[in-house]
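Residues per chain, in single letters:
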Amino acid sequence: MTQFDKRNISMVMDFYEMTMANGYFRNGCTDSRAAFDVFYRRNPDQGGFSIFAGLEQIIEYLENIHFDDDDIEYFREQKIFEEDFLNYLRNFHFNGDIYSFPEGTIMYPNEPFMTVVADLIDAQLIETAILTQVNHQSLVATKARRIVRAAEGRFVSDFGARRAHNMDAATYGARAAYIGGVNGSATVSAGKMFNIPINGTMAHSWIMFFGSEYEAFKKYAECYPNSTVLLVDTYDVIDSGVPNAIRIAKEFLEPMGKRLKGIRIDSGDLAYLSKKIRKMLDDAGLNDCKIVVSNSLDEFTITSLLSQDAAIDSFGVGERLITAKSEPVFGAVYKIAAVYENEKWSPRIKISENVGKITNPGLKDVYRVYDSDGHAVADMIALHDEIVDMNQPFRYVDPVKPWKNRSFTNCTAKNLRKLYVKDGKRVEELPKLDKIREYVKKQLSYEIWQEEQRFENPHHHYLDMTPNYYEMKMSLLYETRKHSN
């Protein structure tokens, strides 16, 4: 088998999903229904929010999940599964429901941004695939947004493919980075698959192949006179690279009526060099020539560069974006929340000595609460289908300080979750990637407080509960503890 053979990504699962599915089958639980929530416990980089990404790939996976003959044979070779279970897998298709935030929604810890309601085996077999997509793309999208914010309106491009953990990570990482706000990508597969603008010029090997730096620049300008961007740090930026770039602009491009579009530096003291280069370009009448920088950039280095008044117009961000190097694990989890029994949904709760790992039980909805100016003041968990009427002061419970009597006044509320998949079929149209990207931008421009977006000590976004939901959770917590002792 090679990487070019047809892949069935239905097999991307933890083996315990198969052992549990087989156990449920052996115990006659094929028609048992359960609800599983997907949520995470903290924002990466101690940030104030995260961006939900990966929904489109999750739905595509659910629509196509199946087990081929060679998959069945592989499971047979494990010698722990009986033939009736393997025959069950042979005809398997996902037939459940998916409730989810729209892709690109700003989200916060401990709220269920996705819920799977399905037959128990269906819900169990898809756990790893869902978490793989959510954890990777949400992580990269969130990191990208931080980098874009640090760039303060300057052009940002994803240069990360060669540092990604594999080719899929490069492609889908570029998709997530675009959702997060980067302007383009150097990854051609992502450009083709998702219509992301692609960009790129040359590597140092181009310069080193030709007899001289000037000749290399001239050859490139001959090929691309309308979009000449020259890499000037192969030998010496100030004494060689920039003077040769200026010569190309004056001796070759300008006689053709063309302009040098930009120069790129990939090493050295970027703040110092950019200011020095800007003066050299301006003195040569190349005020419109852009300065592009790369080399292990992230939101912290970009912030530092701009605080030093670096004369930079564009950033190419690679390894620290595509791997989210400063915090490379997102940490979304998949926990059972309810089981359908005796013709009703019975909530389930996980209890832990670590308070942060106690789950929010039951079927639920998540509302975003807005003040009269349209700012999101809090999110709120409610019982599924509970009526939330903000036409009058609405009492809520802060689970951290439940003794306080608090109400939302002059506010509106929106249920963040939609039904995207019903009985295994897509029932909600998915937006194009540009629309998802604009949705992120709109939320962060108009709805989400700027105080939540700062890098250091961001404002904490409140996750409140309706009194009905809080009472249900506390009663279940008490009963579960009583019966477990």
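Residues numbered from 1 in each chain as written. Predicted model: local features only at pLDDT ≥ 70, side-chain atom pairs only at ≥ 80, totals over all residues. Heavy atoms only, no water.

Caption draft 1: Region of interest: the nonpolar core. Within the largest apolar cluster, 71 residues are counted, with the highest numbers of intra-cluster contacts made by L260, I263, I265, I277, I302 and F315. A per-element tally of this core places helix 11 (residues 237–253) first, with eight residues. Those residues in contact with L260 that sit more than four places away from it in its chain are T228, L230, A245, A249, L253, L286 and C289. Residues C29, F67, A332 and L416 belong to the second largest nonpolar core, which totals 51 residues. (Core = buried A, V, L, I, M, F, W, Y, C linked by side-chain atoms within 4.5 Å. Buried < 20%, exposed > 50% of the residue type's maximum accessible area, 1.4 Å probe, protein only. Helix = DSSP H or I, 4+ residues; strand = E, 2+ residues; numbered from the N terminus. Contact = heavy atoms within 4.5 Å.)

Caption draft 2: Fine view of the sheet that holds strand 10 (residues 290–293). Taken in spatial order, the six strands make up an open sheet running 7-6-11-10-9-8, and their pairing is parallel. Unpaired on one side and paired on the other, strand 7 (184–185) and strand 8 (229–231) mark the two borders of the sheet. The sheet contact formed by strand 9 (residues 262–265) and strand 10 spans four bridges and is parallel. Along strand 10, the bridge assignment pairs R264 with V292. Of the strands in this sheet, strand 9 and strand 10 are in contact with helix 12 (residues 270–283), which crosses strand 9 at around 155°. (Pairing = 2+ DSSP bridges. Axes fitted to C-alpha atoms, helices over the stretch in contact; angles between N-to-C directions.)

Caption draft 3: Layout of the environment of F408. Note that F408 resides in strand 17 (residues 406–408). Overall, the relative accessible area of 6% leaves F408 in the buried class. Separated by 149 residues in the primary sequence, F408 and R259 have C-alpha atoms spaced 58 Å apart. With residues near it in sequence (within four places) discarded, F408 still touches V369, V377, A378, M380, M390, Q392, P393, F394, Y396 and D464.

Caption draft 4: Summary view of the pairing of strand 9. Side chains G262 and R264 of strand 9 all project onto a buried face; the interleaved residues I263 and I265 project onto the opposite face, where all are buried too. Where strand 8 meets strand 9, three bridges bridge the pair, whose relative direction is parallel. Residue L230 lies in a different strand from strand 9, and its bridge partner there is I263. For the segment spanning strand 8, helix 11 and strand 9, crossover handedness is right-handed. (Right-handed = clockwise from strand over helix to strand, strands pointing away.)

Caption draft 5: Examining the packing of aromatic side chains more closely. In this structure the tally under the stated criterion is 21 aromatic pairs. Taken together, the ring pairs connect F15, F25, F67, Y74, F75, F81, F85, Y88 and F92 into an aromatic cluster. Above the face of the F194 ring, R175 is positioned so that its terminal group lies 5.6 Å from the ring centre. (Phe/Tyr/Trp six-rings, centres within 6.5 Å; stacked < 30°, edge-to-face > 60°. Lys NZ or Arg CZ within 6 Å of the ring centre and 35° of its normal.)

Caption draft 6: Examining the pattern of salt bridges more closely. Tallying each qualifying case throughout the model produces 36 salt bridges. We note a salt bridge from D97 to K422, for which the minimum N-O separation is 3.5 Å. Highlighted residues: D97 in strand 3 (residues 97–100) and K422 in strand 19 (residues 418–422), separated in sequence by 325 residues. The exposure class assigned to D97 is buried, which follows from its relative accessible area of 3%. Residue classification places K422 among the partly exposed positions, given a relative accessible area of 36%. Put simply, E299 and R146 hold a salt bridge, and the shortest N to O gap is 2.7 Å. Within this pair, whereas E299 is found in helix 13 (residues 299–307), its partner R146 is found in helix 6 (residues 127–151), the two being separated by 153 residues in sequence. Given a relative accessible area of 0%, E299 falls into the buried group. (Salt bridge = Lys/Arg side-chain N within 4 Å of Asp/Glu carboxyl O.)

Caption draft 7: Spotlight on unusual backbone geometry. Positioned with a positive phi, E152 is a non-glycine residue whose angle comes to about 55°. Note that E152 resides in the loop between helix 6 and strand 6 (155–158). Even without being a glycine, N295 presents a positive backbone phi close to 105°. If you trace the backbone, N295 turns up in the loop between strand 10 and helix 13.

Caption draft 8: Just the sheet that holds strand 14 (residues 364–370), in detail. Taken together, four strands build an open sheet; the order of strands is 18-14-15-21 and the sheet is mixed. Each edge of the open sheet is held by one strand with a lone partner, namely strand 18 (412–415) and strand 21 (462–465). Taking the axes of each pair of neighbouring strands and ignoring which way they run, one obtains an average angle of 30° across the sheet. Sheet topology note: the strand 15 (residues 376–383)/strand 21 ladder contains four bridges and is parallel. Looking at strand 21, one finds that A378 is bridged to Y462.

Caption draft 9: Main features of the state of the cysteines. Under the defined criterion, the tally for this structure stands at zero disulfides. Looking at the unpaired C289, the closest cysteine sulfur is the one in C223, lying at 19 Å. (Disulfide = S-S within 2.5 Å.)

Caption draft 10: Focus on the environment of F94. Within the fold, F94 resides in the loop between helix 4 (83–90) and strand 3. The class for F94 is buried, based on a relative accessible area of 4%. Between the alpha carbons of F94 and V440 there is a distance of 30 Å; along the sequence they are 346 residues apart. In this view, F94 contacts L62, I65, V116, A118, D122, I126, V421 and G424; residues no more than four positions away in its chain are not counted.

Caption draft 11: Geometry of helix 7 (residues 167–180). Compared with an ideal rise of 1.5 Å per residue, which puts 14 residues at 20 Å, helix 7 spans 20 Å between its outermost C-alpha atoms and is within 8% of the ideal. Counting buried positions along helix 7 gives twelve out of 14 residues, so the element sits mostly inside the fold. For helix 7, the set of buried residues is A169, A170, T171, Y172, G173, A174, R175, A176, A177, Y178, I179 and G180. Sitting at the head of helix 7, N166 places a side-chain oxygen 3.0 Å from the backbone nitrogen of D168. (Expected span 1.5 Å × (residues − 1). Polar contact = N/O pair within 3.5 Å; in protein donor to acceptor, adjacent residues only side chain to side chain.)

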